[in-house]
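Commentary on secondary and tertiary structure
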Amino acid sequence: MTSDLKPSALVLFSGGQDSAVCLAWALQRYERVETVGFDYGQRHAVELKARLTVRERLPEVLPEAQARLGEDHSVDIRGFGAVADSALTRERAIEMDARGLPSTFVPGRNLVFLTYAAALADRRGIEVLIGGMCETDFSGYPDCRRDTLDAMQQALRLGMARDFVIETPLMRLTKAETWALTQKIGGEALVELVEEDTHTCYLGDRGERHTWGYGCGSCPACELRAKGHAEWAGAA
Ligand code: ZN
């Protein structure tokens, strides 16, 4: 059985729902899974704390995690945050710009994340990068599209002379399907962990526990998470 396992992967892990599911997904497929998180001056330390809690609890609910969950890396890219400044990183209303992109869009964020992740992976001897980017029902962020990531993968391969692969297991899934995948990977225990300990809310609100987890309930991230959870629970 172990021969089916691939050697190693680096998961871009923010502490949010999507990247947590990607981490669980990776733990079932790779012998060693390391994580990387980026501090780009987000409003909330709450996301960074969610990362630690999820990593700590994963071995309780996912047996594979005990032997396979490897090192965590934290990268300070506040310099980028200062340049890319947006509603995510500063107190500002969430609104649409002339391109039809919400002010929560941080220009080039995933490209920067992947460049840092690839540099780190190169040093760690890892060739697979895994991210929770999804083009199905998100806000149309152009750096979440598979086209963009294919181009990025090619740029990283050429620029670092290593056969990097960018895996995006959630790319074609709706939020409801992501909840279903969570259950498929780790049953009710993993669903509960994702509900309880991952953080998605743009406002960093953890005041109220909804069926789908904590959050303000009205920002775009909360709305997506709540809607997906309701669709999934309704269909289950
Ligand atoms: Zn919210």
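Calculation rules
Residues numbered from 1 in each chain as written. Predicted model: local features only at pLDDT ≥ 70, side-chain atom pairs only at ≥ 80, totals over all residues. Heavy atoms only, no water. Helix = DSSP H or I, 4+ residues; strand = E, 2+ residues; numbered from the N terminus. Contact = heavy atoms within 4.5 Å. Donors = N, O, S within 2.8 Å, 3.2 Å for Na, K, Ca; no water. Buried < 20%, exposed > 50% of the residue type's maximum accessible area, 1.4 Å probe, protein only. Pairing = 2+ DSSP bridges. Axes fitted to C-alpha atoms, helices over the stretch in contact; angles between N-to-C directions.

**A few points about the side chain of N110**
Tracing the sequence through the fold places N110 in helix α5 (residues 109-124). Setting aside anything within four residues of it in sequence, one finds N110 in contact with M133, D143 and C144.

**Considering the coordination of the zinc ion**
Coordination of the zinc ion by the protein is provided by C201 (SG), C216 (SG), C219 (SG) and C222 (SG), with metal-donor distances spanning 2.3 to 2.4 Å. Of note, the donors binding the zinc ion are all from one chain and are spaced C-x14-C-x2-C-x2-C. Linking C201 in the loop between α7 (175-197) and β6 (209-210) with C216 in the loop between β7 (213-214) and α8 (220-235), this pair joins segments that are 15 residues apart in sequence. Note on C201: relative accessible area 2%, which makes it buried.

**Some points on the environment of V46**
In this fold, V46 is placed in helix α2 (residues 45-61). Considered as a pair, V46 and G204 are 158 residues apart in the sequence and their alpha carbons are 6.3 Å apart. Not counting chain neighbours up to four residues away, the residues in contact with V46 comprise H199, G204 and R206.

**Details of the sheet that holds strand β4 (residues 128-130)**
The five strands are arranged β3-β2-β1-β4-β5 in an open sheet whose pairing can be described as parallel. The open sheet has two edge strands, β3 (69-76) and β5 (165-167), and neither has a second partner. Taken over all neighbouring pairs, the strand axes of this sheet differ in orientation by 25° on average, direction set aside. In this sheet, β3 lies alongside strand β2 (residues 30-39) in parallel orientation, the contact comprising six bridges. Counted as the bridge partner of D39 is D76 from β3. Relative to the sheet, α2 contacts β2 and β3, its axis offset from that of β3 by approximately 175°.

Keep in mind that these numbers describe shape and distance, not what the molecule does.
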